[in-house]
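Okay, here's what each chain looks like letter by letter:
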Amino acid sequence: MNVRDPRVIAGIALALALVIGGAIWLSRRPSTSEGAGPTASDGPSTDAPEETSAATAPYDTKQQLEVQQDKPRAAALVVDVLNPSAVRTAIFENGWLSSAGTAPLGRGYLGSWAAFLGSARGDVGLSGAGLVRDAIVDALVQAPVRVVLFEGDTPMPPALITASSPATSTALKGLTLALQRGGFIVDACPGETAEVADAGVLEAVDGGEAPPPLTKQRIEIVRWVVAEHDLYLADTRGRVVLARSPRAVVNGVCTTLPELTPAPGVDVQLRPQVAGLGRPADVLTRMLGLGTDVALSWKVEGTRLVPVGIGATVEHGDRLDAAPLPASLLAAVPADTAVALAAGIKLPAKLDEASLAAAWGEGGMGEAGKTRTVIALWQPRGDAKAPTEVALLWSDPADKDALRALFSGKNAMSIDEVCGGVALSSTAALLSRIKASCKGTTPSIAFAEPAVVAGLKEAQSVSLVVDLGAVLTALLEDGWRAERAAQGAGAKDKDKALPTEIDDARKLLDQLPRQGLVGTKSGASLQPRGYSS
(Lines give C-alpha, C1' and ligand atoms only; values in the text may rest on other atoms or scores of the structure.)
Protein backbone atom coordinates (compact mmCIF):
# COMPACT_ATOMS: atom_id res chain seq x y z
CA MET A 1 0.00 0.00 0.00
CA ASN A 2 1.40 3.42 -0.93
CA VAL A 3 0.93 5.49 2.21
CA ARG A 4 1.97 8.65 0.39
CA ASP A 5 -1.20 8.47 -1.68
CA PRO A 6 -3.90 9.59 0.83
CA ARG A 7 -6.53 10.17 -1.89
CA VAL A 8 -9.35 8.56 0.05
CA ILE A 9 -8.79 10.61 3.21
CA ALA A 10 -7.99 13.71 1.18
CA GLY A 11 -11.15 13.47 -0.87
CA ILE A 12 -13.31 12.97 2.19
CA ALA A 13 -11.74 15.88 4.07
CA LEU A 14 -11.85 18.20 1.07
CA ALA A 15 -15.47 17.50 0.26
CA LEU A 16 -16.48 17.89 3.90
CA ALA A 17 -14.73 21.25 4.11
CA LEU A 18 -16.43 22.40 0.92
CA VAL A 19 -19.88 21.41 2.13
CA ILE A 20 -19.40 23.18 5.46
CA GLY A 21 -17.93 26.20 3.71
CA GLY A 22 -21.00 26.64 1.56
CA ALA A 23 -19.15 26.10 -1.68
CA ILE A 24 -20.81 22.88 -2.77
CA TRP A 25 -21.59 23.97 -6.31
CA LEU A 26 -18.38 25.93 -6.87
CA SER A 27 -16.11 23.48 -5.12
CA ARG A 28 -12.83 24.63 -6.59
CA ARG A 29 -11.53 28.14 -6.39
CA PRO A 30 -12.13 29.50 -9.88
CA SER A 31 -9.57 31.21 -12.00
CA THR A 32 -9.47 34.90 -12.79
CA SER A 33 -11.00 36.43 -15.88
CA GLU A 34 -7.82 35.67 -17.77
CA GLY A 35 -8.80 32.02 -17.62
CA ALA A 36 -12.30 32.45 -19.01
CA GLY A 37 -13.46 29.73 -21.34
CA PRO A 38 -12.34 26.10 -21.25
CA THR A 39 -9.66 25.45 -18.64
CA ALA A 40 -6.17 24.27 -19.46
CA SER A 41 -7.23 20.71 -18.75
CA ASP A 42 -9.86 20.91 -21.44
CA GLY A 43 -7.52 21.01 -24.37
CA PRO A 44 -6.54 23.75 -26.80
CA SER A 45 -7.88 27.22 -26.26
CA THR A 46 -9.33 27.12 -29.77
CA ASP A 47 -12.36 25.44 -28.19
CA ALA A 48 -13.43 28.84 -26.88
CA PRO A 49 -15.60 31.12 -29.04
CA GLU A 50 -13.54 33.40 -31.25
CA GLU A 51 -13.34 36.96 -29.93
CA THR A 52 -13.45 38.36 -33.45
CA SER A 53 -16.81 36.81 -34.19
CA ALA A 54 -18.43 37.46 -30.78
CA ALA A 55 -19.72 40.86 -31.84
CA THR A 56 -21.36 39.62 -35.02
CA ALA A 57 -22.40 36.02 -34.30
CA PRO A 58 -25.77 35.45 -32.65
CA TYR A 59 -25.55 34.70 -28.97
CA ASP A 60 -26.90 31.17 -29.53
CA THR A 61 -24.23 30.23 -32.10
CA LYS A 62 -22.55 26.98 -31.05
CA GLN A 63 -19.25 25.49 -32.17
CA GLN A 64 -18.41 21.84 -32.70
CA LEU A 65 -16.45 20.35 -29.79
CA GLU A 66 -14.42 17.22 -30.49
CA VAL A 67 -14.08 14.83 -27.56
CA GLN A 68 -11.04 12.57 -27.78
CA GLN A 69 -11.85 10.33 -24.81
CA ASP A 70 -12.78 6.71 -25.55
CA LYS A 71 -15.20 6.67 -22.59
CA PRO A 72 -16.54 9.12 -19.98
CA ARG A 73 -14.47 9.59 -16.87
CA ALA A 74 -15.90 7.71 -13.90
CA ALA A 75 -17.00 9.54 -10.78
CA ALA A 76 -14.46 9.51 -7.95
CA LEU A 77 -16.51 11.32 -5.31
CA VAL A 78 -20.21 12.15 -5.35
CA VAL A 79 -21.75 14.68 -2.96
CA ASP A 80 -25.53 14.24 -2.87
CA VAL A 81 -27.42 17.27 -1.56
CA LEU A 82 -30.67 15.47 -0.84
CA ASN A 83 -32.45 18.49 0.63
CA PRO A 84 -31.06 21.43 -1.34
CA SER A 85 -33.56 24.00 -0.06
CA ALA A 86 -32.59 23.28 3.57
CA VAL A 87 -28.88 23.41 2.71
CA ARG A 88 -29.42 26.65 0.79
CA THR A 89 -31.11 28.23 3.82
CA ALA A 90 -28.38 27.02 6.15
CA ILE A 91 -25.65 28.47 3.92
CA PHE A 92 -27.30 31.83 3.31
CA GLU A 93 -28.36 32.34 6.94
CA ASN A 94 -25.30 30.97 8.72
CA GLY A 95 -23.72 33.70 10.83
CA TRP A 96 -20.16 32.45 10.44
CA LEU A 97 -20.47 32.29 6.65
CA SER A 98 -21.94 35.78 6.58
CA SER A 99 -18.99 37.13 8.58
CA ALA A 100 -16.45 35.22 6.54
CA GLY A 101 -18.05 36.28 3.26
CA THR A 102 -17.58 39.98 3.96
CA ALA A 103 -14.07 39.52 5.40
CA PRO A 104 -10.86 39.21 3.36
CA LEU A 105 -11.16 35.42 3.82
CA GLY A 106 -14.41 35.22 1.85
CA ARG A 107 -13.41 37.82 -0.71
CA GLY A 108 -10.13 36.01 -1.29
CA TYR A 109 -11.83 32.64 -1.67
CA LEU A 110 -14.29 33.90 -4.29
CA GLY A 111 -11.72 36.12 -5.96
CA SER A 112 -12.95 37.67 -9.18
CA TRP A 113 -15.97 35.33 -9.15
CA ALA A 114 -17.51 37.62 -6.54
CA ALA A 115 -18.46 39.88 -9.46
CA PHE A 116 -20.26 36.98 -11.18
CA LEU A 117 -22.18 35.85 -8.10
CA GLY A 118 -22.80 39.35 -6.81
CA SER A 119 -24.12 40.85 -10.05
CA ALA A 120 -27.67 42.19 -9.80
CA ARG A 121 -30.27 40.42 -11.91
CA GLY A 122 -31.23 43.65 -13.62
CA ASP A 123 -27.62 44.31 -14.66
CA VAL A 124 -27.57 41.17 -16.84
CA GLY A 125 -31.08 41.48 -18.26
CA LEU A 126 -32.94 39.29 -15.77
CA SER A 127 -36.24 40.44 -14.35
CA GLY A 128 -36.90 40.85 -10.64
CA ALA A 129 -34.78 41.88 -7.69
CA GLY A 130 -31.86 39.99 -6.20
CA LEU A 131 -28.56 38.60 -7.42
CA VAL A 132 -27.52 36.31 -10.26
CA ARG A 133 -26.38 33.89 -7.57
CA ASP A 134 -29.92 33.64 -6.21
CA ALA A 135 -31.42 33.11 -9.66
CA ILE A 136 -29.04 30.24 -10.42
CA VAL A 137 -29.46 28.58 -7.03
CA ASP A 138 -33.25 28.94 -7.11
CA ALA A 139 -33.34 27.25 -10.51
CA LEU A 140 -31.34 24.28 -9.23
CA VAL A 141 -33.00 23.48 -5.89
CA GLN A 142 -36.14 21.93 -7.34
CA ALA A 143 -34.73 18.41 -6.86
CA PRO A 144 -31.70 16.76 -5.18
CA VAL A 145 -28.38 18.13 -6.44
CA ARG A 146 -25.25 16.07 -7.01
CA VAL A 147 -21.67 17.39 -7.15
CA VAL A 148 -19.40 14.96 -8.98
CA LEU A 149 -15.59 14.94 -8.87
CA PHE A 150 -14.11 12.85 -11.67
CA GLU A 151 -11.31 10.30 -11.76
CA GLY A 152 -8.05 10.94 -13.58
CA ASP A 153 -4.65 12.45 -12.96
CA THR A 154 -5.41 15.39 -15.27
CA PRO A 155 -7.60 17.80 -13.30
CA MET A 156 -11.15 18.35 -14.48
CA PRO A 157 -13.58 20.74 -12.78
CA PRO A 158 -16.39 19.09 -10.83
CA ALA A 159 -19.88 19.02 -12.31
CA LEU A 160 -23.14 19.90 -10.63
CA ILE A 161 -25.94 17.56 -11.72
CA THR A 162 -29.67 17.53 -11.03
CA ALA A 163 -32.66 15.86 -12.65
CA SER A 164 -34.23 17.71 -15.54
CA SER A 165 -37.82 18.77 -14.87
CA PRO A 166 -40.25 21.24 -16.49
CA ALA A 167 -39.78 23.75 -13.65
CA THR A 168 -35.98 23.54 -13.71
CA SER A 169 -35.79 23.66 -17.51
CA THR A 170 -38.09 26.70 -17.65
CA ALA A 171 -36.01 28.59 -15.07
CA LEU A 172 -32.77 27.74 -16.85
CA LYS A 173 -34.14 28.85 -20.23
CA GLY A 174 -34.88 32.25 -18.72
CA LEU A 175 -31.30 32.49 -17.45
CA THR A 176 -29.94 31.33 -20.80
CA LEU A 177 -31.83 34.06 -22.69
CA ALA A 178 -30.00 36.65 -20.60
CA LEU A 179 -26.59 35.02 -20.05
CA GLN A 180 -25.89 32.94 -23.18
CA ARG A 181 -22.81 33.79 -25.19
CA GLY A 182 -22.35 30.93 -27.62
CA GLY A 183 -21.71 27.34 -26.70
CA PHE A 184 -20.75 23.95 -28.08
CA ILE A 185 -22.22 20.90 -29.77
CA VAL A 186 -20.92 17.40 -29.09
CA ASP A 187 -22.05 14.65 -31.43
CA ALA A 188 -22.24 11.92 -28.79
CA CYS A 189 -20.94 10.74 -25.47
CA PRO A 190 -17.36 9.44 -25.53
CA GLY A 191 -17.35 5.90 -26.90
CA GLU A 192 -21.10 5.94 -27.50
CA THR A 193 -22.36 3.41 -30.03
CA ALA A 194 -26.09 3.27 -29.22
CA GLU A 195 -28.29 5.16 -31.64
CA VAL A 196 -31.72 6.70 -31.20
CA ALA A 197 -34.58 7.37 -33.58
CA ASP A 198 -34.41 10.73 -35.32
CA ALA A 199 -36.84 12.70 -37.48
CA GLY A 200 -36.88 12.02 -41.21
CA VAL A 201 -37.86 9.29 -43.65
CA LEU A 202 -35.89 6.42 -45.11
CA GLU A 203 -36.93 4.37 -48.10
CA ALA A 204 -39.16 1.41 -47.35
CA VAL A 205 -37.53 -2.01 -47.29
CA ASP A 206 -39.27 -4.69 -49.37
CA GLY A 207 -42.37 -2.55 -49.64
CA GLY A 208 -42.83 -2.31 -45.88
CA GLU A 209 -43.07 0.77 -43.69
CA ALA A 210 -39.94 2.91 -43.76
CA PRO A 211 -38.00 2.81 -40.47
CA PRO A 212 -36.88 6.11 -38.95
CA PRO A 213 -33.21 6.99 -39.44
CA LEU A 214 -30.91 6.36 -36.50
CA THR A 215 -28.42 8.86 -35.13
CA LYS A 216 -26.39 9.38 -32.02
CA GLN A 217 -27.95 11.75 -29.53
CA ARG A 218 -25.96 14.98 -29.65
CA ILE A 219 -25.33 17.21 -26.65
CA GLU A 220 -25.86 20.96 -26.78
CA ILE A 221 -23.85 22.98 -24.27
CA VAL A 222 -24.72 26.60 -23.49
CA ARG A 223 -22.03 29.05 -22.42
CA TRP A 224 -23.10 31.57 -19.78
CA VAL A 225 -21.03 34.70 -19.27
CA VAL A 226 -21.33 37.20 -16.42
CA ALA A 227 -18.59 39.65 -15.44
CA GLU A 228 -16.19 37.98 -17.90
CA HIS A 229 -16.55 34.57 -16.25
CA ASP A 230 -17.92 31.44 -17.87
CA LEU A 231 -20.17 28.60 -16.78
CA TYR A 232 -21.33 25.82 -19.09
CA LEU A 233 -24.74 24.17 -19.02
CA ALA A 234 -26.49 21.22 -20.69
CA ASP A 235 -30.09 20.12 -20.20
CA THR A 236 -30.35 16.74 -21.90
CA ARG A 237 -30.86 13.03 -21.36
CA GLY A 238 -32.81 13.67 -18.18
CA ARG A 239 -29.96 15.59 -16.54
CA VAL A 240 -29.11 19.23 -16.00
CA VAL A 241 -25.33 19.62 -15.77
CA LEU A 242 -23.45 22.80 -14.82
CA ALA A 243 -19.64 23.07 -14.75
CA ARG A 244 -16.74 25.40 -15.36
CA SER A 245 -15.67 23.66 -18.57
CA PRO A 246 -17.57 22.13 -21.50
CA ARG A 247 -15.70 18.83 -21.17
CA ALA A 248 -16.74 18.54 -17.54
CA VAL A 249 -20.33 19.04 -18.71
CA VAL A 250 -19.92 16.23 -21.27
CA ASN A 251 -18.65 13.92 -18.53
CA GLY A 252 -21.49 14.97 -16.25
CA VAL A 253 -24.04 14.11 -18.93
CA CYS A 254 -22.44 10.81 -19.92
CA THR A 255 -20.90 9.23 -16.83
CA THR A 256 -22.64 6.50 -14.89
CA LEU A 257 -23.67 7.59 -11.39
CA PRO A 258 -24.74 5.56 -8.37
CA GLU A 259 -28.45 5.45 -7.75
CA LEU A 260 -29.74 8.36 -5.72
CA THR A 261 -30.93 6.91 -2.39
CA PRO A 262 -32.60 9.40 -0.02
CA ALA A 263 -32.27 8.42 3.65
CA PRO A 264 -34.50 9.59 6.50
CA GLY A 265 -32.89 12.32 8.57
CA VAL A 266 -30.07 12.87 6.05
CA ASP A 267 -29.68 16.07 4.01
CA VAL A 268 -26.16 15.65 2.54
CA GLN A 269 -24.20 12.52 1.69
CA LEU A 270 -20.62 12.07 0.53
CA ARG A 271 -20.24 8.84 -1.43
CA PRO A 272 -16.69 7.73 -2.39
CA GLN A 273 -16.67 5.69 -5.60
CA VAL A 274 -14.11 2.94 -5.17
CA ALA A 275 -13.66 2.27 -8.89
CA GLY A 276 -13.01 5.94 -9.62
CA LEU A 277 -10.68 6.51 -6.65
CA GLY A 278 -8.31 3.76 -7.71
CA ARG A 279 -6.23 1.14 -5.93
CA PRO A 280 -5.82 2.87 -2.52
CA ALA A 281 -9.60 3.00 -2.08
CA ASP A 282 -9.95 -0.59 -3.24
CA VAL A 283 -7.32 -1.74 -0.72
CA LEU A 284 -9.01 0.19 2.07
CA THR A 285 -12.48 -1.22 1.43
CA ARG A 286 -11.10 -4.75 1.10
CA MET A 287 -9.15 -4.38 4.33
CA LEU A 288 -12.29 -3.25 6.15
CA GLY A 289 -14.54 -5.81 4.46
CA LEU A 290 -16.96 -3.12 3.29
CA GLY A 291 -19.09 -2.91 0.18
CA THR A 292 -18.90 -0.13 -2.39
CA ASP A 293 -21.89 1.73 -0.90
CA VAL A 294 -19.95 3.67 1.75
CA ALA A 295 -21.73 6.95 2.55
CA LEU A 296 -20.82 9.77 4.94
CA SER A 297 -23.94 11.65 6.00
CA TRP A 298 -24.93 15.01 7.50
CA LYS A 299 -28.19 16.69 8.44
CA VAL A 300 -29.19 20.34 8.66
CA GLU A 301 -30.02 21.66 12.11
CA GLY A 302 -30.91 25.32 11.92
CA THR A 303 -27.99 26.86 10.09
CA ARG A 304 -25.50 24.10 10.89
CA LEU A 305 -24.52 20.95 9.04
CA VAL A 306 -24.36 18.23 11.71
CA PRO A 307 -22.67 14.85 11.16
CA VAL A 308 -24.92 11.78 11.08
CA GLY A 309 -22.19 9.19 10.55
CA ILE A 310 -20.82 6.53 8.22
CA GLY A 311 -23.01 3.83 6.68
CA ALA A 312 -22.08 0.87 4.49
CA THR A 313 -22.76 -2.78 3.79
CA VAL A 314 -20.41 -5.12 5.67
CA GLU A 315 -19.55 -7.89 3.21
CA HIS A 316 -16.89 -9.60 5.35
CA GLY A 317 -17.81 -9.36 9.01
CA ASP A 318 -14.66 -11.23 10.05
CA ARG A 319 -12.48 -8.27 9.01
CA LEU A 320 -13.97 -5.58 11.24
CA ASP A 321 -14.46 -5.23 14.99
CA ALA A 322 -16.47 -2.80 17.13
CA ALA A 323 -14.78 -1.35 20.24
CA PRO A 324 -13.81 2.01 21.77
CA LEU A 325 -10.50 3.47 20.62
CA PRO A 326 -7.73 2.60 23.13
CA ALA A 327 -6.99 5.48 25.49
CA SER A 328 -3.25 4.83 25.19
CA LEU A 329 -3.36 5.26 21.40
CA LEU A 330 -5.52 8.40 21.59
CA ALA A 331 -2.88 9.94 23.85
CA ALA A 332 -0.47 9.82 20.92
CA VAL A 333 -2.76 11.78 18.56
CA PRO A 334 -1.78 15.47 18.65
CA ALA A 335 -4.67 17.78 19.55
CA ASP A 336 -4.12 19.84 16.39
CA THR A 337 -4.38 16.81 14.07
CA ALA A 338 -6.27 17.92 10.97
CA VAL A 339 -7.64 14.55 9.79
CA ALA A 340 -7.73 11.18 11.56
CA LEU A 341 -9.21 7.96 10.19
CA ALA A 342 -9.49 5.08 12.68
CA ALA A 343 -10.60 1.48 12.36
CA GLY A 344 -10.72 -1.70 14.42
CA ILE A 345 -9.41 -4.34 12.02
CA LYS A 346 -9.21 -8.10 12.49
CA LEU A 347 -5.97 -9.43 11.02
CA PRO A 348 -4.02 -12.70 11.14
CA ALA A 349 -2.08 -13.31 14.34
CA LYS A 350 1.15 -13.26 12.34
CA LEU A 351 1.48 -10.41 9.87
CA ASP A 352 3.25 -10.81 6.55
CA GLU A 353 2.37 -10.35 2.89
CA ALA A 354 1.24 -13.96 2.45
CA SER A 355 -1.07 -14.00 5.49
CA LEU A 356 -2.60 -10.64 4.57
CA ALA A 357 -3.16 -11.69 0.96
CA ALA A 358 -4.93 -14.82 2.18
CA ALA A 359 -6.99 -12.93 4.77
CA TRP A 360 -8.20 -10.38 2.23
CA GLY A 361 -8.85 -12.98 -0.44
CA GLU A 362 -12.05 -14.84 -1.08
CA GLY A 363 -11.16 -17.62 1.35
CA GLY A 364 -10.74 -15.32 4.35
CA MET A 365 -8.40 -15.83 7.29
CA GLY A 366 -9.53 -19.32 8.10
CA GLU A 367 -8.94 -18.57 11.80
CA ALA A 368 -10.15 -16.13 14.40
CA GLY A 369 -8.56 -12.79 13.63
CA LYS A 370 -6.72 -10.66 16.14
CA THR A 371 -8.05 -7.10 16.43
CA ARG A 372 -5.69 -4.17 15.89
CA THR A 373 -6.74 -0.55 16.20
CA VAL A 374 -5.24 1.57 13.45
CA ILE A 375 -5.36 5.38 13.35
CA ALA A 376 -4.16 7.17 10.21
CA LEU A 377 -3.22 10.83 10.67
CA TRP A 378 -2.97 13.28 7.80
CA GLN A 379 -1.99 16.93 7.62
CA PRO A 380 -3.13 18.56 4.33
CA ARG A 381 -0.71 21.04 2.84
CA GLY A 382 -1.40 24.04 0.64
CA ASP A 383 2.02 23.94 -1.03
CA ALA A 384 2.62 21.31 -3.71
CA LYS A 385 6.32 21.30 -2.84
CA ALA A 386 5.73 20.54 0.84
CA PRO A 387 6.43 16.97 1.99
CA THR A 388 3.47 14.64 2.47
CA GLU A 389 2.60 14.39 6.16
CA VAL A 390 0.97 11.04 6.92
CA ALA A 391 1.33 8.84 10.00
CA LEU A 392 -0.04 5.50 11.15
CA LEU A 393 -0.62 4.57 14.79
CA TRP A 394 -0.85 0.80 15.41
CA SER A 395 -2.10 -0.68 18.67
CA ASP A 396 0.00 -3.88 18.81
CA PRO A 397 3.76 -3.35 19.40
CA ALA A 398 4.41 -7.02 18.56
CA ASP A 399 3.77 -6.12 14.90
CA LYS A 400 6.64 -3.62 14.72
CA ASP A 401 9.03 -5.77 12.65
CA ALA A 402 6.23 -6.91 10.34
CA LEU A 403 5.13 -3.32 9.79
CA ARG A 404 8.71 -2.27 9.06
CA ALA A 405 8.88 -4.92 6.35
CA LEU A 406 5.45 -4.11 4.91
CA PHE A 407 6.23 -0.39 4.67
CA SER A 408 9.79 -0.71 3.37
CA GLY A 409 9.14 0.43 -0.19
CA LYS A 410 10.53 3.50 -1.92
CA ASN A 411 8.45 5.70 0.38
CA ALA A 412 9.67 4.02 3.55
CA MET A 413 8.35 5.53 6.78
CA SER A 414 10.09 6.25 10.08
CA ILE A 415 8.96 3.79 12.74
CA ASP A 416 9.11 3.75 16.54
CA GLU A 417 7.21 2.45 19.57
CA VAL A 418 4.93 5.10 21.04
CA CYS A 419 2.35 4.95 23.85
CA GLY A 420 2.33 1.16 23.96
CA GLY A 421 1.88 0.88 20.21
CA VAL A 422 3.76 1.54 16.99
CA ALA A 423 3.98 4.82 15.09
CA LEU A 424 4.96 5.07 11.43
CA SER A 425 5.44 8.54 9.96
CA SER A 426 6.33 9.97 6.57
CA THR A 427 8.28 12.83 8.22
CA ALA A 428 10.50 13.12 11.29
CA ALA A 429 8.67 16.30 12.32
CA LEU A 430 5.29 14.54 12.49
CA LEU A 431 6.81 11.64 14.45
CA SER A 432 8.25 14.15 16.93
CA ARG A 433 4.80 15.70 17.38
CA ILE A 434 3.31 12.27 18.06
CA LYS A 435 5.99 11.47 20.66
CA ALA A 436 5.50 14.84 22.36
CA SER A 437 1.76 14.23 22.55
CA CYS A 438 2.34 10.77 24.04
CA LYS A 439 4.69 12.17 26.68
CA GLY A 440 2.19 14.87 27.59
CA THR A 441 4.50 17.75 26.71
CA THR A 442 1.98 18.88 24.09
CA PRO A 443 -1.83 18.36 24.16
CA SER A 444 -3.42 15.25 22.68
CA ILE A 445 -6.87 14.70 21.20
CA ALA A 446 -7.75 12.86 24.42
CA PHE A 447 -8.22 16.36 25.90
CA ALA A 448 -10.26 17.80 23.02
CA GLU A 449 -13.75 19.27 23.34
CA PRO A 450 -16.04 17.21 25.64
CA ALA A 451 -18.37 16.12 22.83
CA VAL A 452 -15.39 14.91 20.81
CA VAL A 453 -13.84 13.02 23.73
CA ALA A 454 -17.19 11.36 24.47
CA GLY A 455 -17.55 10.37 20.82
CA LEU A 456 -14.07 8.85 20.73
CA LYS A 457 -14.78 6.71 23.80
CA GLU A 458 -17.83 4.95 22.36
CA ALA A 459 -17.67 1.67 20.44
CA GLN A 460 -16.85 2.14 16.77
CA SER A 461 -15.61 0.15 13.80
CA VAL A 462 -14.65 2.97 11.43
CA SER A 463 -14.43 6.66 12.30
CA LEU A 464 -13.31 9.87 10.64
CA VAL A 465 -12.42 12.97 12.66
CA VAL A 466 -11.84 16.23 10.78
CA ASP A 467 -10.77 19.50 12.38
CA LEU A 468 -12.06 21.91 9.75
CA GLY A 469 -10.22 24.88 11.23
CA ALA A 470 -6.89 23.03 11.24
CA VAL A 471 -7.37 21.81 7.66
CA LEU A 472 -8.24 25.18 6.19
CA THR A 473 -5.76 27.17 8.30
CA ALA A 474 -2.87 24.99 7.10
CA LEU A 475 -4.01 25.32 3.48
CA LEU A 476 -4.34 29.07 3.86
CA GLU A 477 -0.93 29.66 5.43
CA ASP A 478 0.91 27.27 3.11
CA GLY A 479 -0.78 28.81 0.09
CA TRP A 480 0.17 32.33 1.15
CA ARG A 481 3.79 31.39 1.76
CA ALA A 482 3.96 29.46 -1.53
CA GLU A 483 2.67 32.48 -3.45
CA ARG A 484 5.16 34.74 -1.69
CA ALA A 485 7.98 32.32 -2.47
CA ALA A 486 6.97 32.30 -6.14
CA GLN A 487 7.33 36.08 -6.06
CA GLY A 488 10.86 35.75 -4.63
CA ALA A 489 9.86 36.74 -1.10
CA GLY A 490 9.96 33.29 0.52
CA ALA A 491 13.28 33.64 2.35
CA LYS A 492 12.53 36.91 4.11
CA ASP A 493 8.96 35.81 4.92
CA LYS A 494 9.97 32.49 6.44
CA ASP A 495 10.13 33.69 10.03
CA LYS A 496 8.08 36.82 9.58
CA ALA A 497 4.72 37.32 11.25
CA LEU A 498 1.75 36.73 8.99
CA PRO A 499 -0.01 39.82 7.60
CA THR A 500 -3.09 41.06 9.43
CA GLU A 501 -5.49 39.72 6.79
CA ILE A 502 -4.07 36.19 7.07
CA ASP A 503 -4.07 36.34 10.86
CA ASP A 504 -7.70 37.50 10.91
CA ALA A 505 -8.63 34.71 8.51
CA ARG A 506 -6.97 32.16 10.77
CA LYS A 507 -8.98 33.43 13.73
CA LEU A 508 -12.18 32.99 11.73
CA LEU A 509 -11.20 29.48 10.63
CA ASP A 510 -10.37 28.49 14.20
CA GLN A 511 -14.06 28.92 15.00
CA LEU A 512 -15.02 26.02 12.73
CA PRO A 513 -15.97 22.78 14.52
CA ARG A 514 -14.18 19.49 14.80
CA GLN A 515 -16.53 16.82 13.45
CA GLY A 516 -16.59 13.06 13.89
CA LEU A 517 -18.36 10.52 11.69
CA VAL A 518 -18.59 6.97 12.99
CA GLY A 519 -19.75 3.63 11.63
CA THR A 520 -20.20 0.71 14.05
CA LYS A 521 -20.59 -2.83 12.76
CA SER A 522 -24.00 -4.32 13.52
CA GLY A 523 -24.74 -7.50 11.61
CA ALA A 524 -24.25 -6.92 7.89
CA SER A 525 -24.06 -3.13 7.99
CA LEU A 526 -22.40 -0.13 9.61
CA GLN A 527 -24.69 1.85 11.89
CA PRO A 528 -23.93 5.59 11.57
CA ARG A 529 -23.27 7.97 14.46
CA GLY A 530 -21.85 11.48 14.52
CA TYR A 531 -20.64 14.17 16.88
CA SER A 532 -19.32 17.72 16.68
CA SER A 533 -17.51 20.18 18.91
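Predicted model, so just to flag it, every value in this text is computed and none were measured.

A. Just the overall build of the protein, in detail. When its secondary structure is counted, the protein shows 19 helices and 21 strands. Partitioning the intrachain contacts of the protein with sequence separation of at least 6 by distance along the chain shows that 70% fall at a separation of at least 24. For the protein, the exposed area adds up to about 24,300 Å²; of that, 53% sits on carbon and sulfur atoms.

B. Seen up close, the packing of aromatic side chains. Inspection of every chain in the model, using the stated rule, returns 1 aromatic pair. Judged by centre distance (6.0 Å) and plane angle (40°), the ring pair of Phe 184 and Tyr 232 falls under tilted. With Phe 184 in strand S5 (residues 180–186) and Tyr 232 in strand S9 (residues 229–236), the pair connects residues that are 48 residues apart, well separated along the chain. Residue classification places Phe 184 among the buried residues on the basis of a relative accessible area of 0%. In this structure, Arg 133 is placed above the aromatic ring of Phe 92, and the distance from its NZ or CZ to the ring centre is 4.4 Å.

C. Structural detail: the side chain of Glu 389. Relative to the assigned elements, Glu 389 resides in strand S16 (residues 389–394). Looking at Glu 389, the relative accessible area reads 12%, which means it is buried. Polar side-chain contacts of Glu 389 include one of 3.5 Å to the side chain of Arg 381. Dropping the residues within four chain positions of it, Glu 389 is found in contact with Leu 377, Trp 378, Gln 379, Arg 381, Ser 426, Thr 427 and Leu 430.

D. Quick peek at the packing of helix H7 (residues 132–140) against helix H8 (residues 166–179). One can describe the packing of H7 onto H8 by two numbers: an axis separation of 8 Å at closest approach and a directional angle of 155°. One way to sum up the angle between H7 and H8 is to call them roughly antiparallel. H7 and H8 meet at a crossing whose hand is left-handed. Along its contact with H7, which presents Ala 135, Ile 136, Ala 139 and Leu 140, the element H8 presents Thr 168, Ala 171, Leu 172 and Leu 175. Looking at the contact of H7 with H8 residue by residue, the class counts come to 7 nonpolar, 1 polar and no charged.

E. Main features of the state of the cysteines. The full count for this structure, using the stated rule, is 2 disulfides. Note on cysteine connectivity: Cys 189 is disulfide-linked to Cys 254, with sulfurs 2.0 Å apart. Linking Cys 189 and Cys 254, the disulfide has an S-S dihedral of approximately -85° and is accordingly described as left-handed. Of this pair, Cys 189 sits in the loop between S5 and strand S6 (196–197) while Cys 254 sits in helix H9 (residues 246–254); the two residues are 65 residues apart in sequence, bridging distant segments of the chain. Take Cys 254: its relative accessible area is 14%, and that puts it in the buried class. Here Cys 419 pairs with Cys 438 through a disulfide, and the sulfurs are 2.0 Å apart. Taking the sign of the S-S torsion, about 120° here, the bridge from Cys 419 to Cys 438 comes out right-handed.

F. Up close: H9. Among the 9 residues of H9, 9 are classified as buried, and the element is accordingly described as predominantly covered. Those residues of H9 lying buried are Pro 246, Arg 247, Ala 248, Val 249, Val 250, Asn 251, Gly 252, Val 253 and Cys 254.

About the cut-offs
- Residues numbered from 1 in each chain as written.
- Predicted model: local features only at pLDDT ≥ 70, side-chain atom pairs only at ≥ 80, totals over all residues.
- Heavy atoms only, no water.
- Helix = DSSP H or I, 4+ residues; strand = E, 2+ residues; numbered from the N terminus.
- Contact = heavy atoms within 4.5 Å.
- Areas by Shrake-Rupley, 256 points an atom, 1.4 Å probe, with all protein chains shown as cover.
- Phe/Tyr/Trp six-rings, centres within 6.5 Å; stacked < 30°, edge-to-face > 60°.
- Buried < 20%, exposed > 50% of the residue type's maximum accessible area, 1.4 Å probe, protein only.
- Lys NZ or Arg CZ within 6 Å of the ring centre and 35° of its normal.
- Polar contact = N/O pair within 3.5 Å; in protein donor to acceptor, adjacent residues only side chain to side chain.
- Axes fitted to C-alpha atoms, helices over the stretch in contact; angles between N-to-C directions.
- Parallel < 35°, antiparallel > 145°, perpendicular 65-115°, else oblique.
- Left-handed = near helix turned anticlockwise from the far one by under 90°.
- Nonpolar A, V, L, I, M, F, W, Y, C, P; charged D, E, K, R; others polar.
- Disulfide = S-S within 2.5 Å.

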